[in-house]
Amino acid sequence: MRLVKRAAQYLGILGGMAAVFFALGWFLMRSVQHSQPVHPTSRRLVRLVAVGDSLTQGVGDPQTAGGFVPLVARSLSHSASVRLSTVNAGEAGDITSRVMDRINGNPQLQRHLRQADIITVTAGGNDALSAISAARKDLSRTDAKRLIAPAAATYTEHLRALLERIRQLNRTAPVFVLGIYNPFYVELATNSVLNTGVTTWNYTIRRVTRQQPNMYYVNISRIGYGQYGQTQPSRQLRQFAAANTPLLSSASVSQLLVTAQGKNAWLSSTDRLHPNERGYRYIAQQVTHRINQEQRRWLHHGTKTTTRP
């Protein structure tokens, strides 16, 4: 009887202790749960540095927000759940050698490039326009490749030097090099010098880019076709161009660019040269798609930051 009573006392004590521990555990769990953020997913800081000419600067963007760069940052922040910081080092009018000079003469830009997780480059449009402008008196000639070849060779060396310099500053970040487009295609669809010049430049950009480690070409030539990108409208456009430009002089070209009916709806109405808002959205889509294809090469380089708000 005494043993039964003592056992009952021990069981009562153990039961009380269990109740105390259970209550304490419940309280601690509640405290931990309340201290956790509602969205515990962490984000990473990814640095995007854009260097180049007016396309990088965003000339023609009616929002004056920086062209395709902020659009790419916004898309990446959503698709990859990262936080993007951007540096826009674009300057209108720069030829490729000038982009190189700005990098070499700007220690702050060099530091940005060293710290970058993603780098974009636009360099070549002004070089191409300069070469084509020098041959403008011969716009109706058919030996376009011979006219363009010397300038293309010079551009090849300048682009290679620029990309090698960027890789010297940053050995790991993927570099995305944008091609160029023909801003006069809608008005001069059949012109061999213009078309050959742009095709040669894009071939050069693609070839030189592929020779560099972890660098990628981004095709944006579609902007030159604008609303005439499909087969049937493009055919009609070429027929229009052939009928209205049998002989080309610098004066007739200038007049045609002002009065032609088939204006490119993807280019700025201000200068008919740079992309407008629609054009920059297209560039951003192409760049974002290419960057996402190489996500494994840049995402893990980002710096882990605080949890998502």
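Keep in mind the model is a prediction, meaning the values are calculated, not measured.

In terms of helices and strands, the protein chain carries 12 helices and six strands. In the protein chain, which comprises 309 residues, the proportion classed as buried is 43%. Looking at the protein chain alone, contacts between residues at least 24 apart form 81% of all its contacts between residues at least 6 apart. Total accessible area computed for the protein chain in this model is approximately 16,500 Å², and 55% of it derives from carbon and sulfur atoms.

Our focus in this paragraph is the pattern of salt bridges. Taken as a whole, this structure holds seven salt bridges when the rule is applied. A salt bridge links glutamate 277 to arginine 281; the shortest N-O distance between them is 3.9 Å. With a gap of four residues between them, glutamate 277 and arginine 281 both fall in helix α12 (residues 277-293), about one helical turn apart. Here arginine 290 makes a salt bridge to glutamate 294, at a shortest N to O gap of 3.1 Å. Salt bridges sharing common partners tie together Glu91, Asp94, Arg98 and Arg102.

Let us now look at the pairing of strand β4 (residues 175-178). Residues Val175 and Val177 line one face of β4 and the alternating positions Phe176 and Leu178 line the opposite face, and both faces are buried. Bridge analysis of strand β3 (residues 118-122) against β4 gives four bridges, and the strand direction is parallel. Considered in β4, the bridge of threonine 120 is made with phenylalanine 176. One ladder, built from four bridges, connects β4 with strand β5 (residues 215-218); its direction is parallel. For valine 175, the partnering residue across the bridge sits in β5 and is methionine 215. Since β4 and β5 lie parallel, the crossover through helix α8 (residues 192-210) that links them has a hand, and here it is right-handed.

Another point: helix α3 (residues 68-79). Between its first and last C-alpha atoms α3 spans 16 Å; for 12 residues at 1.5 Å apiece the expected length is 16 Å, and the two agree. Taken together, the buried positions of α3 are Phe68, Val69, Val72, Ala73, Leu76 and Ser77. Viewed end-on, α3 has its buried residues packed into an arc of 165°, placing them on one side of the element. Serine 81 sits one or two residues past α3 and shows a positive phi near 55°.

Helix length check: α12, at 17 residues, gives a terminal C-alpha distance of 24 Å against a target of 24 Å (1.5 Å per residue), a fit within 8%. Inspection of α12 places Gly279, Tyr280, Tyr282, Ile283, Ala284, Val287, Thr288 and Ile291 among the buried residues, and these make up the whole buried set. In this fold, the buried residues of α12 make contact with α2 (54-57), α3, β3, β4, β5 and α9 (222-225). For α12, the side-chain oxygen to backbone nitrogen distance between the N-cap and arginine 278 is 3.1 Å, and the N-cap itself is asparagine 276.

Turning to the side chain of glutamine 212, a few remarks are in order. Along the chain, glutamine 212 falls in the loop between α8 and β5. For glutamine 212, a relative accessible area of 11% translates into the label buried. With near-sequence residues (within four places) excluded, glutamine 212 lies in contact with Arg160, Leu163 and Glu164.

The next thing to look at is the side chain of serine 221. Here serine 221 is to be found in the loop between β5 and α9. Apart from residues lying up to four places away in sequence, serine 221 is in contact with Ile180, Tyr181 and Asn202.

It is worth spelling out the confidence of the model for the protein chain at this point. Averaged over the protein chain, the pLDDT score is 80; the fraction of residues at 70 or greater is 73%. A low-confidence stretch, residues 17-40 (pLDDT under 50), is modelled with three contacts involving residues beyond four sequence positions or located in other chains.

Here the focus is unusual backbone geometry. Of note, asparagine 214 is a non-glycine position whose phi angle comes to about 60°, a positive value. Looking at where asparagine 214 falls in the secondary structure, it is placed in the loop between α8 and β5. Phi at arginine 272 is positive, roughly 55°, even though this residue is not glycine. Locating arginine 272 in the fold gives a position in the loop between α11 (250-259) and α12.

Bringing the packing of α3 against α12 into the picture now. For the pair α3 and α12, interaxial distance at closest approach is 9 Å and the crossing angle is 45°. It follows that α3 is oblique to α12 by the angle criterion. In this structure, α3 meets α12 at a crossing whose hand is right-handed. Contacts between α3 and α12 pair Phe68, Leu71, Val72, Ser75, Leu76 and Ser79 from the former with Tyr280, Arg281, Ile283, Ala284, Val287, Thr288, Ile291 and Asn292 from the latter.

Moving on, we get to the packing of aromatic side chains. Taken as a whole and assessed by the stated rule, the structure comprises four aromatic pairs. Each ring, one from tyrosine 155 and one from tryptophan 201, has its centre 5.2 Å from the other, and the planes form 20°; the classification is stacked. Here the residue tyrosine 155 occupies a position in helix α7 (residues 144-169), and tryptophan 201 occupies one in helix α8, the gap between them amounting to 46 residues. Residue tyrosine 155 shares its accessibility class with tryptophan 201, and that shared class is buried.

What counts and how
Residues numbered from 1 in each chain as written. Predicted model: local features only at pLDDT ≥ 70, side-chain atom pairs only at ≥ 80, totals over all residues. Heavy atoms only, no water. Helix = DSSP H or I, 4+ residues; strand = E, 2+ residues; numbered from the N terminus. Buried < 20%, exposed > 50% of the residue type's maximum accessible area, 1.4 Å probe, protein only. Contact = heavy atoms within 4.5 Å. Areas by Shrake-Rupley, 256 points an atom, 1.4 Å probe, with all protein chains shown as cover. Salt bridge = Lys/Arg side-chain N within 4 Å of Asp/Glu carboxyl O. Pairing = 2+ DSSP bridges. Right-handed = clockwise from strand over helix to strand, strands pointing away. Expected span 1.5 Å × (residues − 1). Arc of directions from axis to C-beta. Polar contact = N/O pair within 3.5 Å; in protein donor to acceptor, adjacent residues only side chain to side chain. pLDDT = per-residue confidence, 0-100. Axes fitted to C-alpha atoms, helices over the stretch in contact; angles between N-to-C directions. Parallel < 35°, antiparallel > 145°, perpendicular 65-115°, else oblique. Left-handed = near helix turned anticlockwise from the far one by under 90°. Phe/Tyr/Trp six-rings, centres within 6.5 Å; stacked < 30°, edge-to-face > 60°.

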